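# Inside the fold
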Number of protein chains: 2
Amino acid sequence: MIELIGSLAGVLTTVSFFPQVFKTIKTKSAGDFSPVWIVMMTTGVFFWMVYGYYINSMPVFIANVVTLVCMCMLTWIKFFSGKQNTSVE
Amino acid sequence: MIELIGSLAGVLTTVSFFPQVFKTIKTKSAGDFSPVWIVMMTTGVFFWMVYGYYINSMPVFIANVVTLVCMCMLTWIKFFSGKQNTSVE
């Protein structure tokens, strides 16, 4: 039961992030993401994944594996590819 | 040690969300947030909080209490207050 709640939580927060990722891949533009946000979020999600693994929580682990893949794509587009529109704010 | 990794994860992903929340409170404008995203994210964060409580994970619980407070503020500004700029996309 509690794993179901965790899985539901993981699906909701992870899937809610997908439209943003799809949009970024489609436009190949990540200029509007703050680099600080990308670095903090990617590092944080990586630590969540490690934490989920060690506490044996499948929902925490899997949700953060998926989010980490998304963050890696955003990072790639932001720093190594994509349009170089360095919008401020 | 593992609680430290979880806490670090929680601090990073939660704090990375703050600038967005501050900006929304300051501008009182949440028109650019998709209502679907707000509802999914708020529900998901609520379930994470419940899940963190039941698996006795302080990092999961506390990070999601803080994020839930932020999401409630965005929800309030989006649906009950703030400028009614219903931008599409």
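See above for the structure.
Now for a description of the structure that goes with this document. Values in this document were obtained by computation on a predicted structure and should not be read as measured data.

## Details of the interface of chain A and chain B
- Residue-level contacts link 29 residues of chain A with 29 residues of chain B.
- At the boundary of chain A with chain B, total buried surface from both sides reaches about 2500 Å², with 81% on carbon and sulfur atoms.
- For chain A, the biggest contributors to the area lost against chain B are Met40(A), Trp48(A) and Tyr51(A); these three give 26% of the whole.
- In this structure, the connection of chain A to chain B is made through zero salt bridges.
- The interface formed by chain A and chain B includes six residue pairs in polar contact (both at pLDDT 80 or more).
- Of all the secondary-structure elements, those providing two or more residues to the side of chain A that touches chain B are helix 1 (2–15), helix 3 (35–54) and helix 4 (58–79) of chain A.
- A total of eleven residues in the side of chain A that touches chain B trace back to one element, the largest contributor, which is helix 3 of chain A.
- Considered class by class, the residues forming the side of chain A that touches chain B number 19 nonpolar, seven polar and three charged.

## Focus on helix 3 (residues 35–54) of chain B
- Spanning 20 residues, helix 3 of chain B covers 29 Å between terminal C-alpha atoms, matching the ideal 28 Å at 1.5 Å per step.
- Those residues of helix 3 of chain B not exposed but buried are Trp37(B), Ile38(B), Met40(B), Met41(B), Thr42(B), Gly44(B), Val45(B), Trp48(B), Met49(B), Val50(B), Tyr51(B) and Gly52(B).
- Buried residues along helix 3 of chain B sit in contact with helix 1 and helix 4 of chain A together with helix 4 (58–79) of chain B.
- Two to three positions downstream of the cap, the backbone nitrogen of Val36(B) sits 3.2 Å from a side-chain oxygen, assigning the N-cap of helix 3 of chain B to Ser34(B).
- In the segment just after helix 3 of chain B, Asn56(B) is the residue with positive phi, at about 60 degrees.

## Thoughts on the packing of helix 2 (residues 18–27) of chain B against helix 4 of chain B
All names here are of chain B.
- Here helix 2 crosses helix 4 at 30 degrees, and the two axes come no closer than 10 Å. Taken together, the axis directions place helix 2 and helix 4 in an arrangement best described as roughly parallel. When you trace helix 2 past helix 4, the crossing you get is left-handed. The residues of helix 4 that touch helix 2, namely those facing Phe-18, Val-21, Thr-24 and Ile-25, are Val-66, Cys-70, Met-73, Leu-74 and Ile-77.
- Broken down by class, the residue content of the contact of helix 2 with helix 4 amounts to eight nonpolar, one polar and no charged.

## Observations regarding the side chain of Ser57(B)
- Within the secondary structure, Ser57(B) sits in the loop between helix 3 and helix 4.
- Not counting the four nearest positions on each side in its chain, Ser57(B) is found in contact with Tyr51(A) and Gly52(B).

## Section: unusual backbone geometry
All names here are of chain B.
- You will see that Lys-28, though not glycine, has its phi angle at about 50 degrees, which is positive.
- Look at Asn-56: it is not a glycine, yet its phi comes out positive at around 60 degrees.
- Turning to its location among the elements, Asn-56 is positioned in the loop between helix 3 and helix 4.
- Residue class for Asn-56 comes out exposed when judged on its relative accessible area of 68%.

## A closer look at the relation of the copies chain A and chain B
- Once chain A is rotated about the relating axis by 180 degrees and shifted along it by 0.0 Å, it coincides with chain B to within an RMSD of 0.0 Å. What we have between these two chains is a two-fold relation. Taking the C-alpha atom as reference, chain A places Val60(A) closest to the rotation axis, 4.4 Å from it.
- Interface overlap between copies: 100% of the residues of chain A at the interface are likewise at the interface in chain B, consistent with a symmetric, same-surface contact.

Analysis parameters
- Residues numbered from 1 in each chain as written.
- Chains lettered and ligands numbered in written order.
- Predicted model: local features only at pLDDT ≥ 70, side-chain atom pairs only at ≥ 80, totals over all residues.
- Heavy atoms only, no water.
- Contact = heavy atoms within 4.5 Å.
- Buried area = accessible area lost by both parts, 1.4 Å probe.
- Salt bridge = Lys/Arg side-chain N within 4 Å of Asp/Glu carboxyl O.
- Polar contact = N/O pair within 3.5 Å; in protein donor to acceptor, adjacent residues only side chain to side chain.
- Helix = DSSP H or I, 4+ residues; strand = E, 2+ residues; numbered from the N terminus.
- Nonpolar A, V, L, I, M, F, W, Y, C, P; charged D, E, K, R; others polar.
- Expected span 1.5 Å × (residues − 1).
- Buried < 20%, exposed > 50% of the residue type's maximum accessible area, 1.4 Å probe, protein only.
- Axes fitted to C-alpha atoms, helices over the stretch in contact; angles between N-to-C directions.
- Parallel < 35°, antiparallel > 145°, perpendicular 65-115°, else oblique.
- Left-handed = near helix turned anticlockwise from the far one by under 90°.
- Least-squares fit on C-alpha atoms with pLDDT ≥ 70 in both.

It is worth stressing that arrangement in space is one thing and function is another; only the former is reported here.
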